[in-house]
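Residues per chain are reported as follows:
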Amino acid sequence: MTETVEIFEVGPRDGLQNEKRLIPTAEKIALVDLLSRAGFRRIEVASFVSPKWVPQMADSAEVLAGITRAAGISYAALTPNLRGYEGAKAARADEIAVFASASEGFSKANLNCTIAESIARFLPILEAAKADGIPVRGYISCVTDCPFDGPTPPGAVATLAERLIGLGCYEVSLGDTIGKATPETLSTMLTAVTGVVPGAQLAGHYHDTGGRACDNIEASLGYGLRVFDAAVGGLGGCPYAPGAQGNVATEAALDRLHSLGFSTGLDRALILSAAELARSMRAAQ
Ligand code: HMG
Ligand code: MG
């Protein structure tokens, strides 16, 4: 039987958060509804962050209220603090994600606090989510390189990943935020991280700035990772990481995984339609 690798679609959040044009809520809903028919188990659709920091995500509650939820799909939202968590819960996000950085420079730029302070903010979120029965995913940004601090020590990523799992995150997604990782630097990092957290609890979240995201996915498979984040049409970037470009395109990740003999359970024709829709949303700006 073919082994399955899951693609976690993050286009409606990571893909769109960086777009300059304020995309109308109805367009975001149309994209999510199309993606909901393509076979994903998880789709990240919202982000309950400060609208002063990321104006594009200000209508997250409306997006969650407007989508047609398909059975069996978990609709996810980012939450940087307890206020964000309360917003995500009220909007009935099926799961939430806390996001930390392995480098202090990016932590400051993205969350306006140190790594330790960000963890302290996550504690009440994890406590509340546990009581509410809402699964929490953890992100770590800058797992190999930081736009402010340079190369990230692999040990820092391992320590943070272990901490996030210890706090109750069910999975940690490893972000190559600026797309600078190579299969070599990534492998060094994954050797450290899988020494403390099994590959089955890790996901790869690779931006494609350097054009190596698919190679990095391939390298990660050897470390037991079976979940990869991607965005249809390769949209995206992080407004607080200078030079960061889009996530690996879902269609490119899918083609690479299929060529390696893995199944994804995704409908390629629908993914291509969604990629076209996503690109047209960008082109309209
Ligand atoms: P701050 O300015 O230090 O804190 O921001 P604050 O408490 O003073 O809040 C600023 C304002 O936002 C205040 O409003 C708060 O009330 C409000 P004011 O009093 O000035 O009118 N506020 C909120 N509003 C709505 N929802 C909230 C919320 N919290 C505060 N939850 C803060 C600290 C964490 C809020 C800010 O830094 C922030 O929102 N950062 C998020 C940045 C972000 O979303 N980045 C992109 C996502 S991460 C990413 O893309 C990486 C990832 O893809 C992985 C990878 O690729 O590496 C996940
Ligand atoms: Mg990202």
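Being a predicted model, the structure only gives us computed values, none of them experimental.

Participant: Would you explain the packing of aromatic side chains in this entry?
Facilitator: To describe a pair of aromatic rings, one takes the distance between the centres and the angle between the planes. Within the structure shown, the criterion is met by one aromatic pair. Centre to centre, the rings of Tyr-206 and Phe-228 are 6.4 Å apart; their planes meet at 50°, and the pair counts as tilted. Within this pair, whereas Tyr-206 is found in strand E9 (residues 202–206), its partner Phe-228 is found in strand E10 (residues 227–230), the two being separated by 22 residues in sequence. We note that Tyr-206, like Phe-228, is buried. The aromatic ring of Tyr-139 is capped on one face by Arg-13, whose charged end is 5.7 Å from the ring centroid. Seen from the ring of Tyr-139, Arg-137 lies directly overhead, with NZ or CZ sitting 5.4 Å from the centre.

Participant: Which parts of the structure should I look at to understand the site of ligand 1?
Facilitator: Taken together, 27 residues sit near ligand 1, with Lys-52, Arg-83, Asn-112, Ser-141 and Thr-177 positioned nearest. Residue Phe-48 places a main-chain N or O atom 2.9 Å away from a nitrogen atom belonging to ligand 1. At 3.3 Å from a nitrogen atom of ligand 1 is found a main-chain nitrogen or oxygen belonging to Gly-84. Contact with the protein chains covers 77% of the free accessible surface of ligand 1, which is 1,100 Å². Elements with a contribution of two residues or more to the shell around ligand 1: helix H1 (11–15), helix H4 (82–90), helix H5 (104–111) and strand E5 (136–141).

Participant: Got a minute to help me understand unusual backbone geometry in this structure?
Facilitator: With the exception of glycine, most residues fall at negative phi, and the peptide bonds are largely trans. Of note in the backbone geometry, Arg-92 takes a positive phi value of approximately 65° without being a glycine. Residue position: Arg-92 is located in the loop between H4 and strand E4 (95–101). Assessed through its relative accessible area of 55%, Arg-92 is described here as exposed. The backbone phi angle of Asn-112 is positive, close to 60°, even though this residue is not glycine.

Participant: Looking at this structure, how should I read the nonpolar core?
Facilitator: Leu-64, Ile-140, Leu-164 and Leu-174 are the most contacted members of the largest nonpolar core, which has 80 residues in total. Per-element accounting of this core gives the leading share, seven residues, to helix H6 (residues 115–132). Setting aside residues up to four positions removed in sequence, Ile-140 forms contacts with Ala-100, Ser-101, Ala-102, Val-157, Leu-160, Ala-161, Leu-164, Val-172, Ser-173, Leu-174 and Gly-175.

Participant: Would you mind showing me how to read the coordination of the magnesium ion (ligand 2) here?
Facilitator: Working reference: metal with six octahedral donors, ideal angles 90 or 180 degrees; metal with four tetrahedral donors, ideal angle 109.5 degrees. Each protein donor to the magnesium ion (ligand 2) is listed here as Asp-14 (OD), His-205 (NE2) and His-207 (NE2); together their distances run 2.0 to 2.3 Å. Along the chain, the residues donating to the magnesium ion (ligand 2) fall in the pattern D-x190-H-x1-H. Pair noted here: Asp-14 is in helix H1 and His-207 is in the loop between E9 and helix H9 (213–221), with a separation of 193 residues, a long-range link. What makes Asp-14 buried here is its relative accessible area of 2%.

Participant: Quick question: what am I supposed to make of the confidence of the model for the protein chain here?
Facilitator: Caution applies to low-pLDDT regions: their predicted coordinates should not be interpreted in detail. Chain-level statistics for the protein chain give a pLDDT mean of 96 and a share of 98% at 70 or above. Scoring the predicted complex yields pTM 0.97 and, for the interface, ipTM 0.98.

Participant: Would you mind going over the packing of H6 against helix H7 (residues 154–167) with me for this structure?
Facilitator: Helix packing for two helices is described by the angle between their axes and how far apart those axes are. Running from N to C, H6 and H7 point in directions that differ by 20°, and their axes come no closer than 11 Å. Taken together, the axis directions place H6 and H7 in an arrangement best described as roughly parallel. Judged by the twist between their axes, the crossing of H6 over H7 is right-handed. Residue-level inspection shows Ile-115, Ile-119, Phe-122, Leu-123 and Leu-126 of H6 in contact with H7, the latter providing Leu-160, Arg-163, Leu-164 and Leu-167. In terms of residue class, the contact of H6 with H7 is made up of eight nonpolar, no polar and one charged.

Participant: Hey, could you run me through H9 in this one?
Facilitator: Structural remark: α-helix, 3.6 residues per turn; residues separated by three or four positions point the same way. Burial analysis of H9 places seven of its nine residues in the buried class, the great majority of the element. Those residues of H9 that fall on the buried side of the exposure criterion are Ala-213, Cys-214, Asn-216, Ile-217, Ala-219, Ser-220 and Leu-221. Looking at the buried side of H9, the elements it contacts are strand E8 (171–176), helix H8 (183–194), E9, E10 and helix H10 (250–259).

Participant: How should I be thinking about the pairing of strand E2 (residues 42–47) in this particular structure?
Facilitator: Regular strands place side chains that alternate from one sheet face to the opposite one. Buried residues dominate E2, accounting for six of its six residues. The pairing of E2 with strand E3 (residues 74–78) spans five bridges and is parallel. Bridged to Ile-43 within E3 is Tyr-75. Each parallel crossover has a hand, and the one from E2 via helix H3 (residues 60–66) to E3 is right-handed.

Calculation criteria
- Residues numbered from 1 in each chain as written.
- Chains lettered and ligands numbered in written order.
- Predicted model: local features only at pLDDT ≥ 70, side-chain atom pairs only at ≥ 80, totals over all residues.
- Heavy atoms only, no water.
- Phe/Tyr/Trp six-rings, centres within 6.5 Å; stacked < 30°, edge-to-face > 60°.
- Helix = DSSP H or I, 4+ residues; strand = E, 2+ residues; numbered from the N terminus.
- Buried < 20%, exposed > 50% of the residue type's maximum accessible area, 1.4 Å probe, protein only.
- Lys NZ or Arg CZ within 6 Å of the ring centre and 35° of its normal.
- Near = heavy atom within 4 Å.
- Polar contact = N/O pair within 3.5 Å; in protein donor to acceptor, adjacent residues only side chain to side chain.
- Areas by Shrake-Rupley, 256 points an atom, 1.4 Å probe, with all protein chains shown as cover.
- Core = buried A, V, L, I, M, F, W, Y, C linked by side-chain atoms within 4.5 Å.
- Contact = heavy atoms within 4.5 Å.
- Donors = N, O, S within 2.8 Å, 3.2 Å for Na, K, Ca; no water.
- pLDDT = per-residue confidence, 0-100.
- Axes fitted to C-alpha atoms, helices over the stretch in contact; angles between N-to-C directions.
- Parallel < 35°, antiparallel > 145°, perpendicular 65-115°, else oblique.
- Left-handed = near helix turned anticlockwise from the far one by under 90°.
- Nonpolar A, V, L, I, M, F, W, Y, C, P; charged D, E, K, R; others polar.
- Pairing = 2+ DSSP bridges.
- Right-handed = clockwise from strand over helix to strand, strands pointing away.

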